[in-house]
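# Residue-level structure breakdown
The chain contents come next:
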Amino acid sequence: MAAAVRIFLLVLLLLGPGGWGQAEPPRDSLREELVITPLPSGDVAATFQFRTRWDSELQREWVSHYRLFPKALGQLISKYSLRELHLSLTQGFWRTRYWGTPFLQAPSGAELWAWFQETVTDVDESWKELSNVLSGIFCASLNFIDSTNTVTPTASFKPLGLANGTDHSFLRYAVLPREVVCTENLTPWKKLLPCSSKAGLSVLLKADRLFHTSYHSQAVHIRPVCRNARCTSVSWELRQTLSVVFDAFVTGQGKKDWSLFRMFSRTLTEPCPLALESRVYVDITSYGQDNETLEVYPPPLTTYQDVILGTRKTYAVYDLLDAAVVSNSRSLNIQLKWKRPPENEAPPVPFLYAQRYVSGYGLQSGELSTLLYNTHPYRAFPVLLLDSVPWYLRLYVHTLTITSKGKENKPSERSPQPAPPPPLPLHVPQHLSSQGYIHYQPAQDRMQPHLLEMLIQLPANSITKVSIQFERALLKWTEYTPDPNHGFYVSPSVLSALVPSVVAAKPGDWEESPLFNSLFPVSDSSSYFVRLYTEPLLVSLPTPDFSMPYNVVCLTCTVVAVCYGSFYNLLTRTFQIEEPRKGGLAKRLANLVRRARGVPPL
Amino acid sequence: MVDTCFLSQGLTTLAGLLLLPFGSLAASQIEDQAEQFFRSGHTNNWAVLVCTSRFWFNYRHVANTLSVYRSVKRLGIPDSHIVLMLADDMACNPRNPKPATVYSHKNMELNVYGDDVEVDYRSYEVTVENFLRVLTGRIPSSTPRSKRLLSDDRSNILIYMTGHGGNGFLKFQDSEEITNIELADAFEQMWQKRRYNELLFIIDTCQGASMYERFYSPNIMALASSQVGEDSLSHQPDPAVGVHLMDRYTFYVLEFLEEINPASQTNMNDLFQVCPKSLCVSTPGHRTDLFQRDPKNVLITDFFGSVRKVEITTETLSLQPDSGVIESSYKKDQMVEELMEPLKYAEQLPVAQIIHQGIFLNQGPNPCLSNLLCLLP
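Only a predicted model underlies this, so the values are computations on that prediction, with no experimental measurement involved.

Our focus in this paragraph is the packing of helix α3 (residues 128-136) of chain B against helix α4 (residues 180-192) of chain B. All names here are of chain B. Direction vectors running N to C along α3 and α4 enclose 25 degrees, while the axes themselves pass 9 Å from each other. Considering the angle they form, α3 stands roughly parallel to α4. Of the two elements, α3 crosses α4, and the hand of that crossing is right-handed. Seen from α3, the contacting residues are V128, F131, L132, L135 and T136; seen from α4, they are E182, L183, A186, F187, Q189 and M190. Considered class by class, the residues forming the contact of α3 with α4 number 8 nonpolar, 2 polar and 1 charged.

Let us look at unusual backbone geometry. Most peptide bonds adopt trans geometry, and most residues besides glycine take a negative phi value. Following A:Y297, the chain continues to A:P298 via a peptide bond in cis, the omega torsion being 0 degrees. Note that A:P298 resides in the loop between β11 (294-297) and β12 (302-308). Even without a glycine there, the phi angle at B:A100 is positive, about 65 degrees. Structurally, the position occupied by B:A100 is in the loop between β2 (82-86) and β3 (121-122).

Residues and elements named next belong to chain A. The strand order across the open sheet formed by 11 strands is β5-β6-β4-β3-β7-β8-β2-β1-β10-β13-β12, and the pairing between neighbours is mixed. Either end of the sheet is taken by a strand with one partner, and the two such strands are β5 (150-151) and β12. Sheet strands touched by helix α2 (residues 71-79): β3 (82-92), β7 (215-226) and β8 (234-246). Its angle to β7, the strand with the most contacts, is close to 55 degrees. Sheet contacts for helix α4 (residues 123-138): β3, β4 (109-116), β5, β6 (171-176) and β7; angle to β4, the most-contacted strand, approximately 135 degrees.

Here we take up the interface of chain B and chain A. Taken together, the contacts link 53 residues of chain B with 71 residues of chain A. Buried surface at the junction of chain B and chain A, both sides included, amounts to about 5,400 Å², of which 57% is carbon and sulfur. In terms of surface lost to chain A, no three residues of chain B exceed B:R122, B:Y345 and B:Q348, which account for 16% of the buried area on that side. Run the count over chain B and chain A and you get 7 salt bridges. The interface formed by chain B and chain A holds 21 residue pairs in polar contact (both at pLDDT 80 or more) in total. Residue assignment for the side of chain B that touches chain A shows that the elements contributing at least two residues are α9 (323-335) and α10 (351-361) of chain B. Top contributing element to the side of chain B that touches chain A by residue count: α9(B), with 8 residues.

What follows concerns the side chain of B:N267. All names here are of chain B. Considering the arrangement of structural elements, one finds N267 in the loop between α5 (248-258) and α6 (268-272). Reaching out from N267, the side chain makes a polar contact with the backbone oxygen of K296 at a distance of 3.0 Å. If we skip the residues at most four places from it in the chain, N267 touches P295, K296, V298, L299 and I300.

Residues and elements named next belong to chain B. Judged by pairing direction, the sheet is antiparallel, and its 3 strands sit side by side in the order β5-β6-β7 without closing on themselves. Among the strands making up the open sheet, the edge pair consists of β5 (164-166) and β7 (176-179). Across this sheet, the average inter-strand angle for adjacent strands is 30 degrees, counted without regard to direction.

Moving on to the side chain of A:K206. Looking at the secondary structure, you find A:K206 in the loop between α5 (183-191) and α6 (207-210). Residue classification places A:K206 among the buried positions, given a relative accessible area of 16%. Dropping the residues within four chain positions of it, A:K206 is found in contact with A:R266 and B:D115.

If you walk through the whole model with that rule in mind, you get 32 aromatic pairs over all chains. Aromatic side chains A:F246 and A:W258 sit 6.2 Å apart centroid to centroid with 45 degrees between the ring planes, which places their arrangement in the tilted category. Of this pair, A:F246 sits in strand β8 while A:W258 sits in strand β9 (residues 258-259), and the two are 12 residues apart along the sequence. On the accessibility criterion, A:F246 (0% relative accessible area) is buried. Connected via pairs of aromatic rings, a cluster forms that spans A:F48, A:F50, A:W189, A:F246, A:W258 and A:F264. The residue whose ring lies beneath B:K147 is B:Y121, and the NZ or CZ to ring-centre distance is 5.5 Å. Above the face of the B:W191 ring, B:R194 is positioned so that its terminal group lies 4.6 Å from the ring centre.

All names here are of chain A. Along β4, 8 of the 8 residues are buried, which leaves the element largely enclosed by surrounding structure. Note that β3 and β4 share 8 bridges and pair antiparallel. Residue pairing in the sheet places L87 in a bridge with L112 of β4. The sheet contact formed by β4 and β6 spans 6 bridges and is antiparallel. Its bridge partner lying in β6, W115 is registered against L171.

Another aspect to go through is the confidence of the model for chain A. Do not read the fine detail of predicted coordinates wherever pLDDT is low. Confidence in the prediction for chain A averages 84 pLDDT; 86% of positions are at 70 or higher. Segment residues 407-435 of chain A is flagged for pLDDT under 50; beyond a separation of four residues in sequence, or across chains, it makes 32 contacts in the model.

The subject of this paragraph is a nonpolar patch on the surface. There is a patch of nonpolar side chains on the surface, built from A:L585, A:L589, A:L592 and A:V593 and spanning about 400 Å² of accessible area. Looking at the element boundaries, A:L592 is found in helix α9 (residues 585-597).

With that settled, consider α4(B). Residues and elements named next belong to chain B. Counted at 1.5 Å a residue, the expected span for α4 with its 13 residues is 18 Å, and the 18 Å between its end C-alpha atoms agrees. Buried residues along α4 sit in contact with α3, β4 (155-162), β7, β8 (198-204) and β9 (220-224). Just downstream of α4 lies R194, where phi reads positive at about 55 degrees.

Okay, the pattern of salt bridges next. Scanning the entire structure with this criterion turns up 32 salt bridges over all chains. B:E258 is the partner of B:R70 in a salt bridge, and the nearest nitrogen-oxygen pair spans 3.3 Å. Here the residue B:R70 occupies a position in helix α2 (residues 59-74), and B:E258 occupies one in helix α5, the gap between them amounting to 188 residues. The exposure class of B:E258 is partly exposed, given its relative accessible area of 33%. Residue B:E230 pairs with B:K277 through a salt bridge whose shortest N-O separation is 3.8 Å. Taken together, the residues B:E230 in the loop between β9 and α5 and B:K277 in helix α7 (residues 277-280) connect sequence positions 47 residues apart. Overlapping salt bridges bring together A:K191, B:K73, B:D79, B:D116 and B:E118 as one network.

Conventions adopted
- Residues numbered from 1 in each chain as written.
- Chains lettered and ligands numbered in written order.
- Predicted model: local features only at pLDDT ≥ 70, side-chain atom pairs only at ≥ 80, totals over all residues.
- Heavy atoms only, no water.
- Axes fitted to C-alpha atoms, helices over the stretch in contact; angles between N-to-C directions.
- Helix = DSSP H or I, 4+ residues; strand = E, 2+ residues; numbered from the N terminus.
- Parallel < 35°, antiparallel > 145°, perpendicular 65-115°, else oblique.
- Left-handed = near helix turned anticlockwise from the far one by under 90°.
- Contact = heavy atoms within 4.5 Å.
- Nonpolar A, V, L, I, M, F, W, Y, C, P; charged D, E, K, R; others polar.
- Pairing = 2+ DSSP bridges.
- Buried area = accessible area lost by both parts, 1.4 Å probe.
- Salt bridge = Lys/Arg side-chain N within 4 Å of Asp/Glu carboxyl O.
- Polar contact = N/O pair within 3.5 Å; in protein donor to acceptor, adjacent residues only side chain to side chain.
- Buried < 20%, exposed > 50% of the residue type's maximum accessible area, 1.4 Å probe, protein only.
- Phe/Tyr/Trp six-rings, centres within 6.5 Å; stacked < 30°, edge-to-face > 60°.
- Lys NZ or Arg CZ within 6 Å of the ring centre and 35° of its normal.
- pLDDT = per-residue confidence, 0-100.
- Patch = residues over 30% accessible without salt bridge, like charges linked within 9 Å, V, L, I, M, F, W, Y side chains within 5 Å.
- Areas by Shrake-Rupley, 256 points an atom, 1.4 Å probe, with all protein chains shown as cover.
- Expected span 1.5 Å × (residues − 1).

As C-alpha cells, then:
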C-alpha cells in the first residue's frame, strides 16, 4: 500500500512537467486583412493578405510540429536552406498610370525569386530543384525555369527581410511570362491558408468571380522578420497576398457603386477562428476639394489614418473580431456609394510610371524601348532598371541610348504647389558611365539570357527613354513551341525606385501597423520604395512552315515510286502466262471437299 | 471421480460433434465474406486523364477530360491519385466569355471545371515524351510527387485520352503524334514492371478503335468512341460560348456516370452499351480479349471510383500524447538565440552603395592601382 503510494507519487512527478506541457502559448499567429481601394478610374481594387508569423528556427531539420504554418512550405525552407522566397502568379497588368501606385505589383505570368542561405554550396542545383517542387505544389509549369530564363541580379531585389549580408551570388530571379493563371493555381494556394476557404476572409475567394477581373495576382512571400522591437531574434513570416481589380463596366454594369456581394457574390459572416486579427480596410480618402464624395455603409466604428505610399490616406476599419461589427444582420456586406458623381477631372497621376514597347518592322530586327515617366514637378529620383531579354533576341549594346526630354508644362487647377519654372528641353544622350552604375551580362545561345541593370537618375518632370536595338535569331525546329505563330514573350522590365513622398512617414512598429503598410522595410521617411513592372512584350520570330518536311517526304517518295519504281519493275520482273481458271459448280464443290480434307485443289 | 471425468469428456465431445456443422457453416460464411472482400484483386485506384488538343476551337476535348475528372473525383479517387494533363487552358482563355468555367451542357447547366481542380501537366508540358514517362515511371528525379504515377501491382488504372486522331495515331498539340504501337509497348513496359493490376483504356477520337488494336499485355480492357474509318462527332454547340462543348461519346458516358454512386453495382457491360449508333453516329467499340475477368463481373467503380475495402469497428482507442518529444522540442526552441547585436532589414535601394559597386566593377584589368578599397580584407 505504502509502496503503491510511493510509486504513484514518483509517476506523477515524472509525468508532471511533460504531461501539462501544453500550457505553452502557441508560437505562430495569423493575421488576415482585406483592403478595398476605389481606384481613380472607377474600378475597385481588393487586396487580401494572410500573414502567418512563426517564432521558430526553421533551419534545424527536426522541426516536426506544424500548426498554422503550412508544412509544405516549411519543409522547403529547411531542405533548400532558403532565406527568402517570393513566388507570384499574375494574370493581367496593373495600369499604374490610371490606377495609381500599387501596394505590391507582380509581372504577368509567373515570377519566382529566392535568396539562399550562405551555407548552400550549389545554388543553381538548389534553384532547379526548388522550381520543380514549387511546380508540383502550385500546379504551375515552373519546371520550365532553367538557365535560359534565370538571371542573377547584381543590384536589384535586395532581401525584403532580415539580412546580415547581401552577396548577390545567392540570389536567383526568373520570370515565365507565358504562364497562365487559373483555378488550378488558386486551389492549392487556398489550401495553404489555415482556415482554407471555410471561414474568415477567405470565404470571399471564389474562382469564378476572382478571374473575371482586369488584374489578378496571387503571391506567396516567405522571409525572416524581427520577433520584437529590439530585433534580437528571428521569426519566419509567410504572407499570402491576392490582389484583384474589378472592372466597373464589365462586372459593375456601368454603375460605380460597389458592394462586397457584387464583387465576390459572398458576404462576410465570421472571422477565422485561428486568426489573431481579421480586418477589412476601405480607402475613404477623398480626392476632391470638399469631402464626402464617397460614402461607406455600414458606417465604420473606427478609422485609420496614416501615410501610405507617400500620401496621407484615411481608411474605414471593420474588425471582424469585434462583435459589434457583425452583430445585427449576421453578415457584413460593405457597400460603397458615390454621393454625387465625381466630376470629369483628371485622376491624380502617380510620380513614377513606365511603358515598354517593341518597334521596327519585318522579322529581322527591331528596337526595344522603355519609357520612364517622372511627373514630380521639382524632385529628381533614382530608378534601378532591370531588363532580362531572352537569348534569341540578340541585343546590340552599342545602340543603347538613354534620352531625357522635358515634358511640356501644363497648368493644372488641381496642383497644390505653385507652378514650377518651365524646364529646359534636355535632349542630351547621357554618357553611360556617368550614370553611376550599369551592368550588362551578354547572353549565351541556349544557355543564359541577356541581363541589363542600370541606375538612372530621372530628372524632374521628364520622360526618359531607354532604347536598344536587337536582331532576331532563327531557332532550331525542335525549339519552337507548338503554337509558334502566337509569338515569343519578353519578360517585363523591373523598376525599383525610391519615390519622394508628399508627406513624410514616421517609421512604426511592424506588429502594430496594418499588413499593407509593412510590405517593404522603410529606411528613409522622405521617400518610399516601390517596385513596378512594365508590360510583357510579344515578339514574332521568323517561323518556318512546319508541314514542309512532310510535304517534301510525300513528294519525293511519290516521284521515286512512280518514276524509278516503274522502271525497276519493268526491268526486274519476269512475266508468266497463266491459264484462266474455268470450272463449273461441280468442280467448285469438289474443291471445297478437297480443302476440307487438306488436299490441294484441282 | 474417474466416471464423472469420463462423462464430462464424453459430453464435451458430443457437444462438439453437434456443433460441428454449425461451425462449418459459419466458417463458409466467413469464407464467402472474405471472397466478396477480395473479389476484384485491387487495392488502390489511379487515373491518367489526357487532353491532347490545343487552341480555343478544341474546347470540347478539354471539356471531355474534365467531365471524366469530375466523375472520377466524385466517385472517390483523390487528386493525389489523378494525373490530369490538359494541353491548353480553356477556362481562363481570353476568348472564354465566362472565365474560370468549362461547361459540358449548353445553357451553362454544368460547370465541369469547378472550384477545386488540380491540373498536373499543363500547356506545353503535355507531350508524348512526358505522357510515356508518366506511364512507365521513367521520370527525372526532380519531378514532384503530384506529377508521378505511383502505382503498384495492385492498382487499377483508368487511362482516358481524347483529341484528334487517325488510323493508328493520336495527335499531341498539333506538333507530334503517338502511334498505337508505342502505346502498346508502353503498356507492356508497365506490365513487366508490375505497375498495374488491371487497366481500362478509353479513347474518344476519330478512328479510336485503331489505338487499341495493337495491345498485347494482359489485363487490359479498352473502349473507343469509333471504329476504324469512322469519325467521332461533337455533340452540341453553345451560342454564348461559341464552340462545341463536348463530344458525343463522352457526353453520353458522362450522363451514364452521373447516375453511378460509390455503392452501385453497375458493371462494364452497361458501359459498353452507352452510346448506340443512333445517338453517337459512330459505332463505339470495345476489346476485352486480354482481360481475364468476365466484364459482367467488373464493377464500374473498380475503375472509376476508389472504393476502399474497410471494416468499421466500434472499439475506441485512446492515444497517449508523447509528451517527451513535445517537451524536448519546445525546450530546444527556447534555447535559441538572443543575439548579441540586433539585426536589421536590408536597404532596398542603396544608391551610394550601388554606384560604388559599379565603380569597382567597371575598373580596368588592374583595379587595385587606383582603388584603395582593394587593400581591405
